[in-house]
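Here is what each chain is made of, one letter per residue.
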Amino acid sequence: MLKVGVLGAGHLGKIHLRLLNQSEKYELVGFYDAFEENANKVAAEFGYNKFDSIAELIAAVDVVDIVTPTMQHFECAKQVIEAGKHIFIEKPISNTVAEAEEIIALANKYNVKGQVGHVERFNPAFTAVKDKINNPMFIETHRLAEFNPRGTDVPVVLDLMIHDIDAILSVVKSKVKSVNASGVAVISDSPDISNARIEFENGCVANITSSRISMKNMRKSRFFQKDAYISVDYLDKVCEVVRMKDAPEVPGDFDMILQNAEGVKKQIYFDNPQVDANNAILDELETFADAINNNTTPIVTLEDGTEALRVAYQIIECMNERK
């Protein structure tokens with residue numbers, strides 16, 4: 001079992017601690033939190049071993065799970081990597097693209113593995129259909145959340161939209177050609193609602209909307225490709241695949257047939273895969289353990305996290321230009 005320690009014991013950090021503690025692939029050694037009052041409270045309530053410094057924790061483990069505020073990601077990652085330990089780092093990978101690129105360079109230099117916590121890649125609704133998403137040419141996503149003061153220190157693009165940016169980049173096998181975006185700061189100092197249009201070199205277009213001032217929660221994506229429409233509901237963990245094929249000569253009574261203006265007939269049929277319940281956070285942590293033990297590439301690489309951050313900042317820059 002890999003010995004693991006957690007940096008940061010806030011809301012998400014406590015979830016990671018609980019899951020790592022129950023995982024059969026890790027031995028949870030303990031955690032470090034810079035806020036002593038919170039660290040003492042977590043140690044007393046859950047019985048986790050509390051370290052007095054980052055250096056002491058790093059020395060005691062094989063893997064460090066970084067769940068600190070984003071501003072601290074780079075310095076924590078740098079210290080961990082230079083000690084020769086593997087890193088799991090929450091999204092976004094860092095505060096700037098330059099920091100993310102340096103994290104990649106350090107990981108290569110010290111020959112350690114890294115994975116970024118883009119948890120929607122492990123959402124069972126997405127994993128059930130990912131292999132069916134083949135060369136999508138139009139993508140539409142909506143990620144809407146009710147207002148929560150936690151996370152409003154960063155633009156909604158880095159708080160929410162980056163989840164969909166990463167998922168889209170994982171299925172569109174083409175470089176970004178252009179980005180257009182607009183956003184509005186309603187409650188916070190930074191945009192609370194944003195829409196972005198990403199055009200790829202292969203002609204694919206992604207239209208992404210994110211809001212943290214919605215009246216209801218929604219996390220849905222729709223992928224359109226030749227002869228197929230695929231929808232993913234990340235929140236309710238359901239998916240739908242609607243395909244089209246040439247209509248049979250003699251349709252059945254219940255066959256759904258469409259005919260276009262040229263007289264071509266197509267049959268609509270549903271090809272919905274089974275969605276197996278899982279804990280996405282536990283899965284992302286345990287697949288990282290597999291990558292370390294088997295010396296394979298992590299599912300969400302440091303490069304993936306960097307590209308998602310790069311596109312996110314292109315969107316933010318575009319919004320700033322419109323002010």
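Worth saying up front: this structure is predicted, and the values here are computed from it rather than measured.

Things to note about the environment of K85
Piece 1. One can find K85 in the loop between helix 4 (73-82) and strand 4 (86-90).
Piece 2. Sequence separation between K85 and V119 is 34 residues, and the spatial gap between their C-alpha atoms is 22 Å.
Piece 3. Apart from residues lying up to four places away in sequence, K85 is in contact with I58, A59, V61, D62, V80 and V112.
Piece 4. In terms of polar contacts, K85 uses its side chain to reach the backbone carbonyl oxygen of I58, at 2.7 Å.
Piece 5. A distance of 2.7 Å separates a polar atom in the side chain of K85 from the backbone oxygen of V61.

Regarding the nonpolar core
When a protein is soluble and globular, its nonpolar side chains tend to lie buried together.
Piece 1. Counting residues in hydrophobic clusters, the biggest one holds 92 residues, and the most contacted among them are L7, Y26, F31, I103, I165, L302 and I315.
Piece 2. Considering every element that reaches this core, the biggest residue donor is helix 9 (residues 302-321), with ten residues.
Piece 3. Every residue in contact with I103, bar those within four places of it in the chain, is listed here: F74, A77, I81, I87, I89, I93, S94 and L302.

Digging into helix 8 (residues 280-294)
Piece 1. With 15 residues, helix 8 should cover 21 Å at 1.5 Å per step; its first-to-last C-alpha distance of 21 Å lies within 8% of that length.
Piece 2. Among the residues making up helix 8, those that are buried are A280, I281, L282, E284, L285, E286, F288, A289, A291 and I292.
Piece 3. Tucked into the core, helix 8 has its buried residues touching strand 1 (2-7), helix 1 (11-22), strand 2 (26-32), strand 3 (63-66), strand 4 and strand 5 (114-117).
Piece 4. One or two steps after helix 8, the chain reaches N295, where phi turns positive at roughly 55°.

Quick word on the pattern of salt bridges
Piece 1. Evaluation of the coordinates by the stated rule reveals 15 salt bridges.
Piece 2. Residues R310 and E101 are paired through a salt bridge, measuring 3.2 Å at the closest nitrogen-oxygen approach. Here E101 lies in helix 5 (residues 97-110) and R310 lies in helix 9, a separation of 209 residues in the sequence.
Piece 3. Residue E101 is classed as partly exposed on the basis of its relative accessible area of 38%.
Piece 4. Here the salt bridges do not stand alone but share partners, grouping E101, E307 and R310 into one network.

Procedures and definitions
Residues numbered from 1 in each chain as written. Predicted model: local features only at pLDDT ≥ 70, side-chain atom pairs only at ≥ 80, totals over all residues. Heavy atoms only, no water. Helix = DSSP H or I, 4+ residues; strand = E, 2+ residues; numbered from the N terminus. Contact = heavy atoms within 4.5 Å. Polar contact = N/O pair within 3.5 Å; in protein donor to acceptor, adjacent residues only side chain to side chain. Core = buried A, V, L, I, M, F, W, Y, C linked by side-chain atoms within 4.5 Å. Buried < 20%, exposed > 50% of the residue type's maximum accessible area, 1.4 Å probe, protein only. Expected span 1.5 Å × (residues − 1). Salt bridge = Lys/Arg side-chain N within 4 Å of Asp/Glu carboxyl O.

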